[in-house]
Amino acid sequence: MLERLDRVLNYEMKVSEFLGTFIILGIPYGLVGVVWSLTHTEHLRDMHGVDVVVSFLGSIVCWPVLIFSNVCMT
């Protein structure tokens, strides 16, 4: 078990591999965030200008926390 863990932790990756991994993981995360943000826009009604943009982008990035807080609040 420790040998497997040591082999995984010692695996060297190139910068291009890190970027590819980030893209593969980031695209679904971003798509779910966009869908979440587009379906939960109640908090944007009273905002104007830059506040709307910042809040919308923040909800795209923080959608897992918002899902958890939405479930716990109801």
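Residues numbered from 1 in each chain as written. Predicted model: local features only at pLDDT ≥ 70, side-chain atom pairs only at ≥ 80, totals over all residues. Heavy atoms only, no water.

Q: Could you give me a rundown of the confidence of the model for the chain, with the residues and numbers involved?
A: Here the chain averages 87 in pLDDT, while 95% of its residues score no lower than 70. Mean pLDDT across the elements of the chain bottoms out in helix 4 (residues 63-73) (79) and peaks in helix 2 (residues 15-39) (93). (pLDDT = per-residue confidence, 0-100. Helix = DSSP H or I, 4+ residues; strand = E, 2+ residues; numbered from the N terminus.)

Q: Any details on the packing of aromatic side chains? Residues and values, ideally.
A: Aromatic ring pairs: the centre-centre distance and the angle between the two ring planes describe each pair. Considering all chains together, one arrives at 1 aromatic pair under this definition. Judged by centre distance (5.3 Å) and plane angle (45°), the ring pair of Tyr29 and Trp63 falls under tilted. Of this pair, Tyr29 sits in helix 2 while Trp63 is found in helix 4, placing the two residues 34 residues apart along the sequence. (Phe/Tyr/Trp six-rings, centres within 6.5 Å; stacked < 30°, edge-to-face > 60°.)

Q: Before we move on, could you go through the environment of Asn70 and cite the residues and values that matter?
A: Within the secondary structure, Asn70 is located in helix 4. Overall, Asn70 belongs to the partly exposed group, its relative accessible area being 34%. When residues no more than four places from it in sequence are discounted, the contact partners of Asn70 are Trp36 and His40. (Buried < 20%, exposed > 50% of the residue type's maximum accessible area, 1.4 Å probe, protein only. Contact = heavy atoms within 4.5 Å.)

Q: Kindly report on a nonpolar patch on the surface, identifying the contributing residues and their values.
A: There is a patch of nonpolar side chains on the surface, built from Leu2, Leu5, Val8 and Leu9 and spanning about 460 Å² of accessible area. Looking at where Leu9 falls in the secondary structure, it is placed in helix 1 (residues 2-9). (Patch = residues over 30% accessible without salt bridge, like charges linked within 9 Å, V, L, I, M, F, W, Y side chains within 5 Å. Areas by Shrake-Rupley, 256 points an atom, 1.4 Å probe, with all protein chains shown as cover. Salt bridge = Lys/Arg side-chain N within 4 Å of Asp/Glu carboxyl O.)

Q: I'd like a description of helix 3 (residues 50-61), backed by residues and values.
A: Structurally, the α-helix is built with 3.6 residues per turn, so residues lying three or four positions apart point the same way. Across its 12 residues, helix 3 extends 17 Å between first and last C-alpha, which sits within 8% of the 16 Å expected from 1.5 Å per residue. Regarding helix 3, the residues found buried are Ser55, Ser59 and Ile60. All buried residues of helix 3 project into a common sector of 140° when viewed along the axis, lining one side. For helix 3, the exposed residues lying more than 90 degrees away from the buried face are Val50, Val54 and Val61. (Expected span 1.5 Å × (residues − 1). Arc of directions from axis to C-beta.)

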